[in-house]
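So the chains spell out like this:
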Amino acid sequence: MGIILFTVAVLPIYRLVKGPTVWDRIAGFVSLTTKFAIFLSVLGTEEHMDYLVYVALILLLLSLGSMAVLSHFLEE
């Protein structure tokens, strides 16, 4: 499962590092954090570690908040 998620995460990492605009980099960051949160929630569900699901939810909320703040300040 880890190999599949790593191969899926290669494109957002490339978009995060080499994005031509700042909006592409923000999209890459949000995509990467979403994939990492999915990985944490799947791992937490399979291994019966419920706290990993909570960590994934907090990570998604922080990612959403940072994207909203960055897009607000970059729009001006």
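Owing to the predicted nature of the structure, the values given are computational and were not obtained by experimental measurement.

A look at unusual backbone geometry
Unlike most non-glycine residues, His48 shows phi in positive territory, near 60°. With respect to the element layout, His48 can be found in the loop between α2 (22-46) and α3 (50-75).

Observations concerning α3
Given 3.6 residues per helical turn, the α-helix brings residues three or four places apart onto the same face. With 26 residues, α3 should cover 38 Å at 1.5 Å per step; its first-to-last C-alpha distance of 38 Å lies within 8% of that length. Among the residues of α3, Leu52, Ala56 and Ser63 are the ones counted as buried. Turning to α3, the residues buried within the fold contact α2.

Re the environment of Leu62
Relative to the helices and strands, Leu62 resides in helix α3. Classification of Leu62 as exposed rests on a relative accessible area of 56%. Considered as a pair, Leu62 and Pro20 are 42 residues apart in the sequence and their alpha carbons are 24 Å apart.

Topic: the side chain of Ser63
Along the chain, Ser63 falls in helix α3. Look at Ser63 and you get buried, because its relative accessible area is 6%. Ser63 has contacts with Phe29, Val30 and Thr33, leaving out every residue within four places of it along the chain.

Reading the values: rules and limits
Residues numbered from 1 in each chain as written. Predicted model: local features only at pLDDT ≥ 70, side-chain atom pairs only at ≥ 80, totals over all residues. Heavy atoms only, no water. Helix = DSSP H or I, 4+ residues; strand = E, 2+ residues; numbered from the N terminus. Expected span 1.5 Å × (residues − 1). Buried < 20%, exposed > 50% of the residue type's maximum accessible area, 1.4 Å probe, protein only. Contact = heavy atoms within 4.5 Å.

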